[in-house]
Amino acid sequence: TADRYALVANATADCFELTDLGTLILAGQLAGSTQVNIPTLQMGAGLYRVCYQLGTNVARQVAGNYTIFGATQYTTLPATPSRNNQFNLTIYGYGLSGDDKFALIEGHPSTCDDSVGGQQITPQLLKSDEEVNAMAYTYAAGTYTVCYRWGFFSWAAMQEPLVVLGATGYSTTPSQPTDMVAFTVTILGSGFSTDDNYALLESASDCSGAGGASQDVTSGMIGVGVVTLPSQTLPPNAHTVCYQLDGDNGGTWLKIGADFEVAGATHYTVVPSPLYVQTAFTLSIHGYAFTSADQWAWGAAADACIAPTARDTSEGSLGNNLFTIGMTEAAGNYSVCWSPRGTAWQMVGTALVSGASTWETLPAAPEYDSVFVLRMHGFGFSTADSYGLALQGTTCAATSLYPVTALKLQSDTYVSGTDSLSVPPGAHIVCYDIAGQGAVAVADPVYIPGATGYTMSPTVALDNRNFMLQFTGYGLKTGDLIALVPATASNPCASPATSHSASPRMAGGADAQLMVSTGQVFNRPAGEYAACYNWNGKGWVMAGTNITVSDGFSHFIVTPDPPTALQPMELQLLGNDFGAGDRYAFVSWKYETCDQGTPYPVTSAMFTEGNDRVVNVTGLTLEAGVWRLCYKFGTNDWMSSASNLTVTGARYYAINNTKPGYHTLYRQDVFYFQLFGIALSEADRYDFYPHANKCPDAAWEGLPATSPRMQEGVGHL
């Protein structure tokens, strides 16, 4: 048990040169003094010496070399493989054969087992039982484990890693680069040196064009397994990372990983194009890596996106590389701006919306019956344009326009009319048609002072009844004159015989120039009248349309005549200027006024076609009595007909001179019965009918009005 043994690689020293074999013989391993049973060993493939040392004697080799079959080492050609470049792999060992397999798996150390699959050793690869030569391999940069399986035994990993030099990937800091913000690119891999080169290309399919953008790798960029490129800014786009290992010695340019995107906008488009004022269009901003954190702006071109008013992308439709929004804009030059992730603003471009934006007149305050010149300011003007004025209440589309001639076109932003304009009092919309796109209103109207219309209270003037007239217009002032004259002549306002002085007041509202005169009370017989106004002594003009003083509701025709209580009748109300929305009512002629009656609406169906002088009331039933017929024109006061409507028939009765509800009758009582009504006669009949709330039909004979006083037992009670 004082002996020792060892298995020593054949390439090392002879056994006698070893001073310490290391492993003692255990008692259990001895089979007498002539045999030692060495326990199970597991060693790498190779050629070994079996050395044995008796006690303290010199170690001696036992018999010949001992061989463990399998792969022992490998070499590559070239000695340092590089990414995507072919290399040969030669595996050395003992007892190699066509039953063996080998594999290269990523990472080191890695587990070699049946899961790796491996490549079978073919006769072409097997050079001898000590050499396998695998040729023309191409691997990505990285560290690999060489695995070998001898025969059908277990896989074994070779100790030394196989390193393929070159870039394996990259990262950016920040992870999402944005336009106009500096960022860094860090290239990952191995075998980096100052002989290498790099390039960043815009959206390249490969790195064949990297030479023109090549940059040297300096020692300051190289770290452990990394090359950190200088901080820089790049425009919005997809960018390709290219790396040339050992480029100074003819290395190959290779693309590293997928492209990265610099977030930001590249350009914009509009549909339709070109853009015109008040015409809807779709703005599309194109770019890269858009997110909901981005902002956009549409501002004045002069601001150049320095500090625009930010708008949220939720206003439109946002995709990864496209933002769209529908818009309608005033005329002007605009900047289209984009801010990726709310960082720095970038100008995507400028946009021109052609059209007129403002106007001026010469003189600055034109008057009616005086000529003036209209000047337009805007963008994109040309001789294809036209302009004009439309009285408020009409549209630009229905207005005759003046052409923009070469003489009027001062520049693409200024048109000075040479037309001598003269328009009546009122608010006149300034219209401009840019390039035949259709005339649209420009800014505020041109106000020509004077009366343009009137209001009346009540809204319907009636024959010989007071009504108040107020003139509306622009620039009305104290000292102006108003008049109401018969509209009989072709120009009734030429020279009114009687006039009144106006005392204007502000009417309020959004338009500060709109004013009304203090009310003037008029009383005129039925007829047509013209409302006349004289502003600042400039002369009389007619304001609005004629005023109709109506003779109102005069009388009615009833059918049948006279009508009978609770029997259908037809009425024709006769008068002037009846209208849907009027009201009519019936009240007791003696005890009620018109405003105490139940109002019934007048509808358009009640008019004879084309006739506003007759209102037809059909299917009308009234109780017996004398009724006052009332009529209300619009919001005017109630008025009544000259005569009353008499409906014949019984109205009520009395028993023993007491009205119903105040007397109780008992069986065999004698009572005195009286019947009251309108136009009762001896030809009428009466009766007591046993059913409540129902009177007999026409077939019931009843009792003649001349019948003697009823007695009990007649059979009608």
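In this text, all values refer to a predicted model and were calculated from it rather than measured experimentally. Every chain begins its residue count from 1, and numbering advances along the sequence as written. Residue-level local features of this predicted model are given only where pLDDT is at least 70; pairs of side-chain atoms are given and counted only at 80 or more, and the full residue set underlies all totals for whole chains, interfaces and linings. Working from all heavy atoms in the structure, the side-chain values ignore hydrogens and water.

Draft legend 1. Focus on the overall build of the chain. Tallying secondary structure elements over the chain gives zero helices and 62 strands in all. Counting only C-alpha atoms and orienting by the principal axes, one finds that the chain spans roughly 175 × 95 × 40 Å. If you sum the accessible surface of the chain, you get close to 37000 Å²; carbon and sulfur atoms cover 51% of it. For the chain, the distance from the average site of its 28 positive side-chain charges to the average site of its 58 negative ones is 14 Å. Working definition: helices are DSSP H or I runs of at least four residues, strands are E runs of at least two. Numbering for both runs from the N terminus. Only the protein chains shown count as cover for residues, with accessible areas throughout obtained via the Shrake-Rupley method and a probe of 1.4 Å. Under the convention used here, Asp and Glu are negative, Lys and Arg are positive, and both His and the chain ends fall outside the count. In plain terms, the charge of a residue is placed at NZ if it is Lys, CZ if Arg, CG if Asp and CD if Glu.

Draft legend 2. Quick look at the pattern of salt bridges. Whenever Lys or Arg places a side-chain nitrogen within 4 Å of a carboxyl oxygen from Asp or Glu, that contact is recorded as a salt bridge. With the rule as written, the count across this model stands at seven salt bridges. Here R49 and D14 are joined by a salt bridge, their closest N and O atoms 2.8 Å apart. One end of the pair, R49, is in strand β3 (residues 46–53); the other, D14, is in the loop between β1 (4–9) and β2 (23–24), and 35 residues separate them in sequence. Owing to a relative accessible area of 28%, D14 belongs among the partly exposed residues under this scheme. Three exposure classes are used, based on accessible area relative to the maximum for each residue type with a 1.4 Å probe and protein chains only: buried under 20%, partly exposed in between, and exposed over 50%.

Draft legend 3. Representation of the state of the cysteines. When two cysteine sulfur atoms lie within 2.5 Å, the pair is treated as a disulfide. Under the criterion given, the structure shown has seven disulfides. Covalently, C112 is tied to C147 through a disulfide, its sulfur atoms 1.9 Å apart. On the sign convention where negative is left-handed, the bridge of C112 and C147, at about -65° about the S-S bond, is left-handed. With C112 in the loop between β8 (101–106) and β9 (119–120) and C147 in strand β12 (residues 142–149), the pair connects residues that are 35 residues apart, well separated along the chain. A relative accessible area of 12% places C112 in the buried class. Classification of C147 as buried rests on a relative accessible area of 0%. A sulfur-sulfur separation of 2.0 Å characterises the disulfide bridge that pairs C493 with C532. Taking the torsion about the sulfur-sulfur bond, which here is approximately -80°, the covalent link between C493 and C532 counts as left-handed. Taken together, the residues C493 in the loop between β43 (481–486) and β44 (500–501) and C532 in strand β48 (residues 527–534) connect sequence positions 39 residues apart. The exposure class of C493 is buried, given its relative accessible area of 2%.

Draft legend 4. Main features of the sheet that holds strand β28 (residues 317–318). In short, DSSP must find at least two bridges between two strands for them to pair. Spatially, the four strands line up as an open sheet ordered β23-β25-β29-β28, and their pairing is antiparallel. The open sheet has two edge strands with one neighbour each: β23 (264–271) and β28. Here β23 pairs with strand β25 (residues 281–288) via seven bridges, running antiparallel. Its bridge partner being in β25, A265 is matched across the sheet by G287.

Draft legend 5. Main features of the packing of aromatic side chains. Only centres within 6.5 Å qualify two rings of Phe, Tyr or Trp (six-membered ring in Trp) as a pair; their planes then separate them into stacked at under 30 degrees, edge-to-face at over 60, and tilted for everything else. Inspection of the entire model under this criterion finds 26 aromatic pairs. Both rings, one in F183 and one in F260, keep their centres 5.8 Å apart while their planes meet at 75°; by these two values the pair is edge-to-face. Taken as a pair, F183 in the loop between β15 (166–173) and β16 (184–190) and F260 in strand β22 (residues 253–262) lie far apart in primary sequence, 77 residues in all. Summarising the burial analysis for this pair, F183 and F260 share the class buried. Clustering of aromatic rings is evident, with ring pairs tying together F87, F102, Y137, Y139 and Y144.

Draft legend 6. Structural detail: the sheet that holds strand β7 (residues 87–94). What the four strands build is an open sheet, ordered β6-β7-β11-β10; its pairing is antiparallel. Among the strands making up the open sheet, the edge pair consists of β6 (70–77) and β10 (126–128). Across the sheet, the axes of successive neighbouring strands diverge by a mean angle of 25°, strand direction being ignored. As defined by bridge partners, β6 adjoins β7 across seven bridges and the pair is classed as antiparallel. Pairing of Q73 across the sheet is with Y92, part of β7. Where helices are involved, their axes are fitted lines through C-alpha atoms of the stretch in contact, as for all axes, and angles between N-to-C directions lie from 0 to 180°.

Draft legend 7. How the structure looks around the nonpolar core. Side-chain atoms within 4.5 Å link the members of a nonpolar core, which is a set of buried Ala, Val, Leu, Ile, Met, Phe, Trp, Tyr and Cys residues. Membership of the largest hydrophobic core comes to 38 residues, with the highest contact counts inside it found for M376, L389, Y432, L469, F471 and Y533. When near neighbours in sequence (up to four residues on either side) are disregarded, Y533 contacts A451, F471, L476, K477, D480, L481, I482, A502, G539, W540 and V541. Formed by 26 residues, the second largest nonpolar core is a distinct cluster that contains F553, V602, L620 and A624. Any pair of residues with heavy atoms lying within 4.5 Å of one another is described as a contacting pair.

Draft legend 8. Up close: a nonpolar patch on the surface. Side chains of I38, L41 and M43 sit close together on the surface and give an oily, nonpolar patch of about 240 Å² of accessible area. One can find M43 in the loop between β2 and β3. In this analysis, a patch consists of residues with relative accessible area above 30% that form no salt bridge, clustered at 9 Å for like charges and at 5 Å for the nonpolar side chains Val, Leu, Ile, Met, Phe, Trp and Tyr.

Draft legend 9. Highlighting unusual backbone geometry. In this chain, L77 is followed by P78 through a cis amide linkage whose omega measures 5°. By secondary structure assignment, the location of P78 is in the loop between β6 and β7. Cis geometry is found at the peptide bond from L362 to P363, where omega equals 5°. Phi at A63 is positive, roughly 55°, even though this residue is not glycine.

Draft legend 10. Highlighting the pairing of strand β37 (residues 426–433). For β37, the tally of buried residues reaches eight of eight residues, placing the bulk of the element in the interior. Bridge analysis of strand β33 (residues 386–391) against β37 gives six bridges, and the strand direction is antiparallel. Its bridge partner being in β37, L391 is matched across the sheet by H428. As paired strands, β37 and strand β39 (residues 446–448) are joined by three bridges and run antiparallel to one another. What sits directly across from H428, in β39, is V446. Between β37 and strand β38 (residues 439–441), which follow one another and run antiparallel, lie five residues, and A435 among them has a positive phi close to 55°.

Draft legend 11. Structural view of the side chain of N197. By the secondary structure assignment, N197 is in strand β17 (residues 197–202). For the purposes of these results, a polar contact is taken to be a pair of N or O atoms within 3.5 Å, where, inside protein, one atom must be able to donate a hydrogen and its partner to accept one; residues adjacent in sequence count only when each atom of the pair is a side-chain atom. There is a polar contact of 2.8 Å between the side chain of N197 and the side chain of Q244. Leave out the neighbours within four places in its chain, and N197 touches S214, Q215, D216, V217, C242, Y243, Q244, G247, D248 and W253.

These figures come from the coordinates and say nothing about function on their own.
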